[in-house]
Amino acid sequence: MTPRCKVMSHIFICDLLIFIYLAGSTLLTVSSSGDGYLHCESIMRNWVDSSIETKVRTDELILKDLLLFLHVPRSGGRTYFLCLLRKLYTGPEECPLSYDKLRLNPSKPNCRLMVSHDDYSLLSKLPKHKTSVVTILRDPIDRVFSTYEFSVEVAARFLVHPNLTSATQMSRRKYPKSHGVSALDIWPWKYLVPWMRQDLFVRRHARELGRLRKTEKTNNPYDMEEMVMPLQEFINDPIAHEIIHNGATFQVAGLTNNSYLEESHDVRNCVRKHPEFGHYVLEVAKHRLDHMLYVGLTEEHKKSANMFAEVVGAQVISQSEALSSTEQETTNKTEPRFSSSYPADGLNQDEDIAGYLNITEVPSPHDEPGRENMTVGKLMEAYEKCNSNLRKSQTTRHTMSLKKISPVNFSKKARRSVPASILDQIQYLNSLDVELYKHAQDIFRRQEKHVMQNHDKGNLKAQEELQTSGCGSLFSCLPWKILSIIAFLAVLVLAILVTKRSRAGKLKM
């Protein structure tokens, strides 16, 4: 063999070895990737199998012993709690510190109401067969807007402090005399508010040093980077991807980063690596909505409240009447209401700024109508008054908070200035929530139809009772029958007398 052939032979062998190595690496990578995908698929299927009940249940519309209000953030649930549930349940019946899972105590005697931002996995800590679940969903785009606005609004309240260090230290203090739960204690605000608070202080410091270009005059408060984090930057941040996007779906499915389930971390990782597995999460969330006692819609605010009163309120009132007939509730008249069971939108702060930051808006039990006389009609009257007062105080707090970051002024009108491209991006990032909301709308229409049918049945039953009691019509009621007979006899007697007189007159003639 010539030297050239030897060299060519070595080159061929080297190339062959390199080819074998690369092929092996590729096969190994493909195999590893395949194993990872198959492993995730196995995790997802096992989770779905354990999450979806195959047993047919017929009692979903019947209120059980414990009511869990699964509060999806920025869906209007605070109004439901303060203006509806607080009118239906007494203080001792509320599970204390519902929003703080570290001190969860649903075993409290007479604990009948649990209100929480925790996800559906909370049900694993409750007597599932004795618990009914209700929730409210909101249009995903509006919910993202509201989450952004609220995060900025609450964080802006810290700007009364000279620097971030002071604000952070103060927020860590505990004030046992205060009855409100801080927004920093509950999910998701314990992540979102500190993030936005730090950003606001960084921007303020940069403005003071002249490092930020001044915002050009614009009618879009969602793009004033000199003052606040622009909306587009907010929705693209990893924190938003972790907590906000598709947040309602993951919360109803029980898979938030605040979940009680051990497997939730693995399931979330699989969905993050393989987004196509998101349809598993969506199907579980849909299934759970189907089996809830009530599903409301933020956009159908008034109609939702009325339906809640009809579907849930009427049953709570009925249960309360039954309990009152068998138990003495003297302690309910003297025991204070657990105002700590709902988080204040403000923050528990020093006395000198408490009036600005700590607006709990928890109504006094003395201002509430007596529950022993409660009806669905009275509940809605109380709701209307409470909701009106709540909106006024929210507007005041909103205005005071945004003064610190003027000219930023969030409003529904201002949202129209956001480019369509950003709205499309929000919708794309929340594709699961979009589908879940459509499903919730279908459920809402079915509930509406069910309530109307019950009304029709109730009216028919009332008519049947009237007829059964002999008063279905004006002349079929017993008193009217007696009066009719008397009147008939009187007319008959009168006719006889007239006839006799007439005959007597003819005889004389």
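What counts, and where the lines are drawn
Residues numbered from 1 in each chain as written. Predicted model: local features only at pLDDT ≥ 70, side-chain atom pairs only at ≥ 80, totals over all residues. Heavy atoms only, no water. Helix = DSSP H or I, 4+ residues; strand = E, 2+ residues; numbered from the N terminus. Buried < 20%, exposed > 50% of the residue type's maximum accessible area, 1.4 Å probe, protein only. Contact = heavy atoms within 4.5 Å. Areas by Shrake-Rupley, 256 points an atom, 1.4 Å probe, with all protein chains shown as cover. Salt bridge = Lys/Arg side-chain N within 4 Å of Asp/Glu carboxyl O. Pairing = 2+ DSSP bridges. Axes fitted to C-alpha atoms, helices over the stretch in contact; angles between N-to-C directions. Disulfide = S-S within 2.5 Å. Parallel < 35°, antiparallel > 145°, perpendicular 65-115°, else oblique. Left-handed = near helix turned anticlockwise from the far one by under 90°. Nonpolar A, V, L, I, M, F, W, Y, C, P; charged D, E, K, R; others polar. Phe/Tyr/Trp six-rings, centres within 6.5 Å; stacked < 30°, edge-to-face > 60°. Lys NZ or Arg CZ within 6 Å of the ring centre and 35° of its normal. pLDDT = per-residue confidence, 0-100. 1 Å grid on protein atoms, 1.4 Å probe; cavity = no way out; pocket = protein on both sides within 12 Å on 5 of 7 lines; lining within 4 Å. Points joined across faces, edges and corners; volume = space filled by probe spheres on them.

### Looking at the overall build of the chain
- Helix and strand content of the chain: 18 helices and four strands.
- By residue count, 45% of the 509 residues in the chain fall in the buried class.
- Look at the contacts in the chain between residues 6 or more apart in sequence, and 80% of them connect residues 24 or more apart.
- For the chain, the computed accessible surface area is about 27700 Å², with 57% contributed by carbon and sulfur atoms.

### Looking at the pattern of salt bridges
- Applying the stated criterion across every chain, the model contains 19 salt bridges.
- Between R203 and D199 there is a salt bridge whose closest N-O contact spans 2.6 Å. Within this pair, R203 and its partner D199 are both found in helix α5 (residues 189–208), separated by four residues, close to a single helical turn. Accessibility classification places R203 together with D199 in one group, the buried group.
- Residue K302 pairs with E384 through a salt bridge whose shortest N-O separation is 3.0 Å. Here the residue K302 occupies a position in helix α11 (residues 301–326), and E384 occupies one in helix α14 (residues 376–402), the gap between them amounting to 82 residues.

### Points about the pairing of strand β1 (residues 66–70)
- Taken across its five residues, β1 has five buried, putting it largely inside the fold.
- Residues of β1 alternate between two faces, with L66, L68 and L70 on one and L67 and F69 on the opposite face, all of them buried.
- Bridge count between β1 and strand β3 (residues 131–137): five bridges; the pairing is parallel. For L67, the partnering residue across the bridge sits in β3 and is S132.
- With four bridges joining them, β1 and strand β2 (residues 113–116) adopt parallel strand pairing. Bridge pairing in β2 links L68 to M114.

### Topic: the sheet that holds β1
- Taken together, four strands build an open sheet; the order of strands is β2-β1-β3-β4 and the sheet is parallel. Pairing within the sheet leaves two strands with one partner each, and these edge strands are β2 and β4 (294–297). The sheet shows a mean angle of 15 degrees between the axes of neighbouring strands, taken without regard to direction.
- Where β3 lies against β4, four bridges are found, and the strand directions are parallel. The residue bridging L137 from the neighbouring strand is L297, located in β4.

### Some words on the state of the cysteines
- Within this structure, the stated rule accounts for three disulfides.
- Across the disulfide from C40 sits C270; the S-S distance is 2.3 Å. Handedness of the C40-C270 disulfide follows from its S-S torsion of about -80 degrees: it is left-handed. Of the two residues, C40 is situated in helix α1 (residues 3–51) and C270 in helix α9 (residues 264–273); the sequence distance between them amounts to 230 residues. For the pair shown, C40 and C270 are each scored as buried.

### Describing the packing of helix α4 (residues 164–171) against α5
- For the pair α4 and α5, interaxial distance at closest approach is 10 Å and the crossing angle is 155 degrees. Considering the angle they form, α4 stands roughly antiparallel to α5. Considering the relative orientation of α4 and α5, their crossing is right-handed. Packed against α4, whose contacting residues are L164, A167, T168 and S171, the element α5 presents R197, Q198 and F201 at the interface.
- Of the residues belonging to the contact of α4 with α5, the class tally is three nonpolar, three polar and one charged.

### Overview of the packing of aromatic side chains
- Counted by the stated rule, this structure contains 13 aromatic pairs.
- Centroid distance Y80 to Y294: 6.4 Å. Interplanar angle 35 degrees. Geometry classified as tilted. Residue Y80 is found in helix α2 (residues 77–88), and its partner Y294 is found in strand β4; the two are separated by 214 residues along the sequence. A single burial state applies to Y80 and to Y294, both of which are buried.
- When the ring of W195 is compared with that of F234, the centres are 5.2 Å apart and the planes differ by 15 degrees; the resulting orientation is stacked. Of this pair, W195 sits in helix α5 while F234 is found in helix α6 (residues 231–236), placing the two residues 39 residues apart along the sequence.
- Residue classification places W195 among the buried residues on the basis of a relative accessible area of 13%.
- Here a set of aromatic residues connected by ring pairs shows up, and it is made of F145, Y148, W195, Y222, F234 and F410.
- The residue whose ring lies beneath R197 is F158, and the NZ or CZ to ring-centre distance is 4.8 Å.

### Section: the confidence of the model for the chain
- When pLDDT is averaged along the chain, the result is 80, and 70% of the positions lie at 70 or above.
- In this model, residues 16–33 is a region of pLDDT below 50 whose contacts with residues beyond four sequence positions or in other chains number zero contacts.
- Between residues 346–367, whose pLDDT stays under 50, and residues either more than four places distant or in other chains, the model counts 58 contacts.

### Some thoughts on empty space enclosed by the protein
- Counting across every chain of the model gives three cavities of 30 Å³ or more.
- In this model, the second largest cavity occupies a volume close to 70 Å³.
- In terms of lining residues, the second largest cavity is bounded by P73, R143, T147, W187, P188, W189, I243, I244, G247, A248 and Q251.
- Counted by class, the lining of the second largest cavity contains seven nonpolar, three polar and one charged residues.

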